[in-house]
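Each chain, letter by letter, is given below.
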Amino acid sequence: MAVTDPIADYLTRIRNAQQAGHRIVDIPASKLKKSITEILYDQGYILKYKVEEKAGKGGQDVIRIALKYDLVTRKPVIRELGRISTPGLRKYARSSELPRIINGLGIAIVSTSQGVMTDKKARELHVGGEVLCYVY
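Digging into the packing of aromatic side chains
1) Next: Counted under the stated rule, the structure contains two aromatic pairs.
2) Next: Between Tyr41 and Tyr49, the aromatic rings sit 5.7 Å apart at their centres with planes inclined by 75°, giving edge-to-face as the arrangement.
3) Next: Given a relative accessible area of 25%, Tyr49 falls into the partly exposed group.
4) Next: Considering the side-chain rings of Tyr134 and Tyr136, the 6.1 Å spacing of their centres and the 15° angle between planes classify their relative orientation as stacked.

Here's what the structure looks like:
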């Protein structure tokens, strides 16, 4: 089965793993997914991650993500993950029009000409781009 929207698949795998209470989730790797994972790690939404190379020809690398849960309530740190721009309807925004997620408490992940970054960093650098997803 070919995945038509790899970012939506990535977000869904994390969402499903959290609902099932898993500590670790494996996701097929790509440069974009590695960048998104890096952002989630830097912002404190996941514990840690590791990119594992698959041996052999045609084997795809895997990103192994350790999910983060609240120590007291045992609820996932990531409350909501959502896709904004889809392959069928791309959403672009100027730096001044980037969405504020829960008044700045959450993050929007933006793909810009200077790489994948958070909405806050894109505003600082005055660059717009494709608004991929939001996390809070």
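A word on helix H2 (residues 31-42)
1) Next: Taking 1.5 Å of rise per residue, 12 residues should cover 16 Å, and H2 covers 17 Å from first to last C-alpha, within 8% of that figure.
2) Next: Here H2 has its buried residues at Lys33, Ile36, Thr37, Ile39 and Leu40. The buried residues of H2 occupy one face: seen down the axis, they fall within an arc of 160°. Those residues of H2 that are exposed and angled more than 90 degrees off the buried face are Lys31 and Asp42.
3) Next: Immediately beyond the C-terminal end of H2, within one or two residues, lies Gly44, with a positive phi of roughly 85°.

As for the pairing of strand E8 (residues 129-135)
Two faces, one strand: in a regular strand the side chains alternate between the faces of the sheet.
1) Next: Across the seven residues that make up E8, a large majority, seven, are buried.
2) Next: For strand E4 (residues 81-83) and E8, the ladder comprises three bridges, and the chain directions are antiparallel. In the sheet register, Arg83 faces E8, and the bridge partner there is Cys133.
3) Next: Pairing geometry for strand E6 (residues 107-112) and E8, over six bridges, is antiparallel.

Quick notes on the pattern of salt bridges
1) Next: Going through the model one piece at a time under the given rule, you end up with eight salt bridges.
2) Next: Close ionic contact of Arg64 with Glu52 constitutes a salt bridge, the shortest N to O distance being 3.4 Å. Here Glu52 lies in strand E2 (residues 46-52) and Arg64 lies in strand E3 (residues 62-67), a separation of 12 residues in the sequence.
3) Next: With its nearest N and O atoms 3.1 Å apart, the salt bridge here joins Glu97 to Arg94.
4) Next: Residue class for Arg94 comes out exposed when judged on its relative accessible area of 58%.
5) Next: One network of salt bridges, in which partners are shared, links Asp26, Lys50, Glu52 and Arg64.

Quick word on unusual backbone geometry
1) Next: With a phi angle near 60°, Arg74 is a residue other than glycine that sits in the positive phi range.
2) Next: Along the chain, the position of Arg74 falls in the loop between E3 and E4.
3) Next: Positive phi values are uncommon outside glycine, yet His126 reaches one of about 55°.
4) Next: Residue placement: His126 occurs in the loop between helix H3 (119-125) and E8.

Describing the side chain of Arg123
1) Next: Here Arg123 lies in helix H3.
2) Next: Accessibility expressed as a relative area gives 19% for Arg123, which makes it buried.
3) Next: Within the local environment of Arg123, its side chain forms a polar contact with the backbone oxygen of Pro99, the two atoms lying 3.2 Å apart.
4) Next: Residues in contact with Arg123, not counting those within four places in the same chain, are Ser95, Leu98, Pro99 and Arg100.

Calculation rules
Residues numbered from 1 in each chain as written. Predicted model: local features only at pLDDT ≥ 70, side-chain atom pairs only at ≥ 80, totals over all residues. Heavy atoms only, no water. Phe/Tyr/Trp six-rings, centres within 6.5 Å; stacked < 30°, edge-to-face > 60°. Buried < 20%, exposed > 50% of the residue type's maximum accessible area, 1.4 Å probe, protein only. Helix = DSSP H or I, 4+ residues; strand = E, 2+ residues; numbered from the N terminus. Expected span 1.5 Å × (residues − 1). Arc of directions from axis to C-beta. Pairing = 2+ DSSP bridges. Salt bridge = Lys/Arg side-chain N within 4 Å of Asp/Glu carboxyl O. Polar contact = N/O pair within 3.5 Å; in protein donor to acceptor, adjacent residues only side chain to side chain. Contact = heavy atoms within 4.5 Å.

By themselves, these observations are geometric and do not establish any function.
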